Amino acid sequence: PLFQGLPPELFCLQPRDAYLADGSQRRWSARGQDASTNAPKVVLPQDGSWRFFEDVAGKPGWIAERISAEWLIFPVAAGASRLLLQFLRSYEGVGRVEVRLSDAPQNNSYILDGLWQSRSSQTFTLCLHASRPYDPNSSSTVLGFGMSGGSVGSLLVRLVAGSKFK
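Here's what I pulled together on the structure shown here. (Residues numbered from 1 in each chain as written. Predicted model: local features only at pLDDT ≥ 70, side-chain atom pairs only at ≥ 80, totals over all residues. Heavy atoms only, no water.)

Let us look at the layout of surface pockets. Of the pockets and cavities examined, the second largest pocket occupies roughly 220 Å³. In terms of lining, the second largest pocket is formed by 13 residues, of which the most central are Ile111, Leu112, Ser138, Ser139 and Ser140. Sorting the residues of the lining of the second largest pocket by element identifies β6 (82–89), β8 (109–113) and β9 (122–134) as the ones contributing at least two each. If you tally residues by element for the lining of the second largest pocket, the top one is β8, at 4 residues. (1 Å grid on protein atoms, 1.4 Å probe; cavity = no way out; pocket = protein on both sides within 12 Å on 5 of 7 lines; lining within 4 Å. Points joined across faces, edges and corners; volume = space filled by probe spheres on them. Helix = DSSP H or I, 4+ residues; strand = E, 2+ residues; numbered from the N terminus.)

Whether parallel or antiparallel, the strands of a sheet pair through hydrogen bonds between backbone atoms. Taken in spatial order, the 4 strands make up an open sheet running β5-β11-β7-β8, and their pairing is antiparallel. Either end of the sheet is taken by a strand with one partner, and the two such strands are β5 (72–75) and β8. Across the sheet, the mean angle separating the axes of adjacent strands is 25° when strand polarity is ignored. Pairing geometry for strand β7 (residues 96–101) and strand β11 (residues 154–161), over 6 bridges, is antiparallel. Along β11, the bridge assignment pairs valine 97 with leucine 159. (Pairing = 2+ DSSP bridges. Axes fitted to C-alpha atoms, helices over the stretch in contact; angles between N-to-C directions.)

The subject of this paragraph is the sheet that holds β6. In space, the 3 strands of this open sheet follow the order β6-β9-β10, with mixed pairing throughout. The open sheet terminates on both sides in strands that have one partner only, identified here as β6 and β10 (142–144). Neighbour-to-neighbour, the strand axes of the sheet open up by a mean angle of 35°, direction not taken into account. Relative to β9, β6 runs antiparallel, the two being bridged by 8 bridges. Its bridge partner being in β9, phenylalanine 87 is matched across the sheet by phenylalanine 124.

Here it is in C-alpha cells:
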C-alpha cells in the first residue's frame, strides 16, 4: 500500500474538493452531498505558463512548459487540512515545481522534483498536511506546513526549473 504504516488521521475519509486529470472539478459538502455547482475554478497564471491539455494522447493534465514567477492556484474547501497531490515523475524531460499553501507561513514551501532515476514515467502521490511540522528537508510522502488551525486556503504551484511539469 502507498502509505502503509502512516497514521490514518493523515488521510481524507470524506473528500471535499477534487481537481481531476480529465479537467473536471468536484466539490462535496461536509455531509458528503454533491456540491459541484459551487466548486471554485482553478486560477490560471496570467502569463499562460500553465495549461490543461493532453501532451500525450489520452494523458491529460495541468502542464507547465516554462518557468514562471506566477502561480497555478487550486482553491480548497474551508476546513480542509490534508491534500493529496499527484504529479508525473519520469527519467527525462521534467523539471521541478514549488508548492505552498496560501494560508501557511510565507517561507513554508517545498520543491518537488519530477525527475527520478527509474527508467519509467509514473504518477507519484504526496500528502500535503497543513498542521504537521514543516520540514524543508523532508523526503517523506507526507509534507507538513506547520500551520495551526488546519485550513489551507489554496494550493499554489509554479514551475521553478526545467522545461515541463505535469
